[in-house]
Amino acid sequence: IYDIAVKNGTTGVQLSQESEMKIINSFFSNLSYGGTISGSSNFNLFRNNTFANNSEYGLFVFFGSSNLIDGNLFDSNKYGVFISSTGPPEKNLFYNNIFLRNKNVSISDSSDAGSLNYLIYNNSFGEIKWTNDIFLDNLTVQGDLTFPGNVTIWNNSAFVNTNALIVGGSLI
């Protein structure tokens, strides 16, 4: 699915028992759910999409594993991304996404203990990859994750503005 715009309604794109699907350069706004990954949907790609002004979730992930969510903008949703305890979803990679002005939290991770999902930012200067299993077990992030911005990699340095974020329920 390439270059589509879905506005107003319930769900922009829903993957249920789908594998190796690609959702690229699309726009999902003013919906309940910008997108959902469910029903053992694995190895899918969401790249360079915008999920904006959705009343519930930019992206709702349950029963889906090993999906790549790369370079998307999650702006002004109730939740940028919600990872459900159902499934459980695991091994999903959130890579170079921008989370901005989401009302409750940027990422809400309710997955079961031991269900690791990954958050990574990089560019040609380096990479920030969270490796602490406690954080990977609960990726919940409150605050804006902008790259560059609160996450910066340049001039042989990589850092996160920890004053701007609450991660896993506490300041990092």
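Bear in mind the structure is a predicted one, so any value in this text is a computation, not a measurement.

Details of the overall build of the chain
Piece 1. Each helix and strand counted, the chain has one helix and 21 strands in total.
Piece 2. Residues counted as buried form 47% of the 172 residues belonging to the chain.
Piece 3. When contacts within the chain are restricted to residue pairs at least 6 apart in sequence, long-range pairs at least 24 apart make up 52% of them.
Piece 4. Summed over all atoms, the accessible surface of the chain reaches about 7,800 Å², with 48% contributed by carbon and sulfur.

Structural notes on the confidence of the model for the chain
Piece 1. When pLDDT is averaged along the chain, the result is 81; 69% of the residues meet or exceed 70.
Piece 2. At the low end of the mean pLDDT range in the chain sits strand β21 (residues 170-171), at 46; at the high end sits strand β6 (residues 50-52), at 98.

Structural notes on the nonpolar core
Piece 1. Residues Phe 46, Leu 59, Phe 74 and Val 81 are the most contacted members of the largest nonpolar core, which totals 18 residues.
Piece 2. Going through the elements one at a time, β1 (5-16), β3 (27-38), β7 (57-61) and β11 (79-83) are the ones with two or more residues in this core.
Piece 3. Tallying contributions element by element places β3 first for this core, with three residues.
Piece 4. Excluding residues that lie within four positions of it along the chain, Phe 74 makes contacts with Phe 51, Gly 58, Leu 59, Ile 69, Gly 80, Val 81, Asn 97, Ile 98, Phe 99, Leu 100 and Asn 102.

Let's talk about the environment of Phe 27
Piece 1. Mapped onto the secondary structure, Phe 27 falls in strand β3.
Piece 2. Taking the relative accessible area as the measure of exposure, Phe 27 reaches 29% and is therefore partly exposed.
Piece 3. For the pair Phe 27 and Ala 5, spaced 22 residues apart in sequence, the C-alpha separation works out to 4.6 Å.

Points about the pattern of salt bridges
It is possible for side chains bearing opposite charge to pair when their charged atoms get close.
Piece 1. If you walk through the whole model with that rule in mind, you get three salt bridges.
Piece 2. Among the ionic pairs, Glu 56 bridges to Lys 78, the shortest N-O distance being 3.8 Å. You can see Glu 56 sitting in the loop between β6 and β7 and its partner Lys 78 sitting in the loop between β10 (73-75) and β11, a full 22 residues away along the chain.
Piece 3. Classification of Lys 78 as partly exposed rests on a relative accessible area of 28%.

Some thoughts on the pairing of strand β14 (residues 105-109)
Piece 1. Within β14, five of the five residues are buried, leaving the element largely enclosed by the surrounding structure.
Piece 2. Both β11 and β14 contribute to a ladder of four bridges, which runs parallel. Each bridged residue has a counterpart across the sheet, and for Tyr 79 the counterpart in β14 is Val 105.

Here's the deal with unusual backbone geometry
Piece 1. Positioned with a positive phi, Asn 30 is a non-glycine residue whose angle comes to about 55°.
Piece 2. Of note, Asn 30 is situated in strand β3.
Piece 3. Positive phi, close to 60°, is recorded for Lys 91, a residue that is not glycine.
Piece 4. In this fold, Lys 91 is placed in the loop between β11 and β12 (93-95).

Some thoughts on the environment of Asn 44
Piece 1. Positionally, Asn 44 belongs in the loop between β4 (41-42) and β5 (45-47).
Piece 2. Linking Asn 44 and Met 21, residues 23 residues apart in sequence, is a C-alpha distance of 4.9 Å.
Piece 3. The contacts of Asn 44, once residues within four sequence positions are left out, are Leu 15, Glu 18, Ser 19, Glu 20, Met 21, Ser 66, Asn 67 and Leu 68.
Piece 4. Within the local environment of Asn 44, its side chain forms a polar contact with the backbone nitrogen of Glu 20, the two atoms lying 3.2 Å apart.

About the thresholds
- Residues numbered from 1 in each chain as written.
- Predicted model: local features only at pLDDT ≥ 70, side-chain atom pairs only at ≥ 80, totals over all residues.
- Heavy atoms only, no water.
- Helix = DSSP H or I, 4+ residues; strand = E, 2+ residues; numbered from the N terminus.
- Buried < 20%, exposed > 50% of the residue type's maximum accessible area, 1.4 Å probe, protein only.
- Contact = heavy atoms within 4.5 Å.
- Areas by Shrake-Rupley, 256 points an atom, 1.4 Å probe, with all protein chains shown as cover.
- pLDDT = per-residue confidence, 0-100.
- Core = buried A, V, L, I, M, F, W, Y, C linked by side-chain atoms within 4.5 Å.
- Salt bridge = Lys/Arg side-chain N within 4 Å of Asp/Glu carboxyl O.
- Pairing = 2+ DSSP bridges.
- Polar contact = N/O pair within 3.5 Å; in protein donor to acceptor, adjacent residues only side chain to side chain.

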